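# Fold and geometry: a report
This is what each chain is made of:
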Amino acid sequence: MKLLGENIRKLRQARGLTQQQLADKMGASNYTTISKWESGSNSPRGGDLVELSKLFNVSVDELLGINSNVTLKTDYKFIPTAISAGLPIEVDGITETKTISIPDNIMGRWAGNKDIFITRINGDSMNKTMPDGSLIAVRPVSSINEIKDDDIVVYSNGYDYSVKYFYDDKDNKRYVFRPHSSDRVFADDIYYYENCNDLKIHGKVVLYIVELDWKWQ
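Note that this is a predicted model, so its numbers are computed, not measured.

### Concerning the environment of Val176
By the secondary structure assignment, Val176 is in strand 9 (residues 174–178). Residues Val176 and Asp189, 13 residues apart in the sequence, show an inter-C-alpha distance of 5.9 Å. For Val176, the contacting residues outside a window of four places in its chain are Tyr165, Phe166, Tyr167, Asp169, Asp188, Asp189 and Ile190.

### Describing the layout of surface pockets
The space that makes up the largest pocket amounts to roughly 150 Å³. Lining the largest pocket are Arg15, Lys54, Leu55, Phe56, Asn57, Lys73, Thr74, Asp75, Gly112 and Lys114. Elements with a contribution of two residues or more to the lining of the largest pocket: helix 4 (46–56) and strand 1 (73–78). A class-by-class count of the residues in the lining of the largest pocket yields two nonpolar, three polar and five charged.

### What about the nonpolar core?
In this structure, Ile8, Leu11, Leu22, Leu52, Phe56 and Leu63 are the most contacted members of the largest nonpolar core, which totals 17 residues. Only helix 1 (2–14), helix 2 (19–26), helix 3 (32–39) and helix 4 provide two or more residues apiece to this core. Apart from the residues lying within four places of it in its own chain, the contact partners of Leu11 are Phe56, Val58, Leu63, Val70 and Leu72. The next biggest cluster of nonpolar side chains, apart from the first, holds 14 residues, and it includes Ile83, Met130, Val138 and Val205.

### Points about helix 3
Among all positions of helix 3, only Ile34, Trp37 and Glu38 are buried. The buried residues of helix 3 occupy one face: seen down the axis, they fall within an arc of 95°. Tucked into the core, helix 3 has its buried residues touching helix 1, helix 2 and helix 4. Where helix 3 ends, the next residue or the one after it, Gly40, has phi of about 90°, a positive value.

### Quick word on the packing of helix 1 against helix 3
It is the contact of helix 1 with helix 3, at a shortest axis distance of 6 Å, that shows an interaxial angle of 125°. When the axes of helix 1 and helix 3 are compared, the pair comes out oblique. For the pair helix 1 and helix 3, contact is made by Gly5, Glu6, Ile8, Arg9 and Arg12 and by Ile34, Trp37 and Glu38, respectively. Of the residues that constitute the contact of helix 1 with helix 3, the class distribution is three nonpolar, one polar and four charged.

The rules behind the values
- Residues numbered from 1 in each chain as written.
- Predicted model: local features only at pLDDT ≥ 70, side-chain atom pairs only at ≥ 80, totals over all residues.
- Heavy atoms only, no water.
- Helix = DSSP H or I, 4+ residues; strand = E, 2+ residues; numbered from the N terminus.
- Contact = heavy atoms within 4.5 Å.
- 1 Å grid on protein atoms, 1.4 Å probe; cavity = no way out; pocket = protein on both sides within 12 Å on 5 of 7 lines; lining within 4 Å.
- Points joined across faces, edges and corners; volume = space filled by probe spheres on them.
- Nonpolar A, V, L, I, M, F, W, Y, C, P; charged D, E, K, R; others polar.
- Core = buried A, V, L, I, M, F, W, Y, C linked by side-chain atoms within 4.5 Å.
- Buried < 20%, exposed > 50% of the residue type's maximum accessible area, 1.4 Å probe, protein only.
- Arc of directions from axis to C-beta.
- Axes fitted to C-alpha atoms, helices over the stretch in contact; angles between N-to-C directions.
- Parallel < 35°, antiparallel > 145°, perpendicular 65-115°, else oblique.

This is the structure:
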């Protein structure tokens, strides 16, 4: 049971929990229960194993070290509607969401960030950066001031959503959303300051994922 104890410790520390905090979440009387689990001097019972697997989003087999090493994963909000990486497309409001589970080692420094949502891109206007069908991790923003030139953003004008590089062309008082494509058919999408009341930037793309074996719930 030494491997089980090591996995519990690894998962606890990855989530930034103290032994007492994990004990509280597990309904244990105090931290010594967790300490004994991690040292291997005692082991969680079946019900506790199930609760630990739910808490850390891993299988019981992974906790026990059966067949594979434990893989840290986090659930994120998943928007099943594909966002256009071509011409802006009409989306009837992004309201439907599911849950997608992505390994922390794929998300890197963004792992565990619950503000991030995941969606998919559709089209080739960004294919020099990320191919059609990629999953993108988007960090929401509340203001255009949070965005800087060369950021990749998800934006909309009314219900027309798209993904492009962002540039603030202050000299000409306009916002430019620029494709990065091998197909020259794609052109800049431009909004002048005085005529962009319906323009909204929903977030910055912080990561894209290709050929990930994901699941949503």
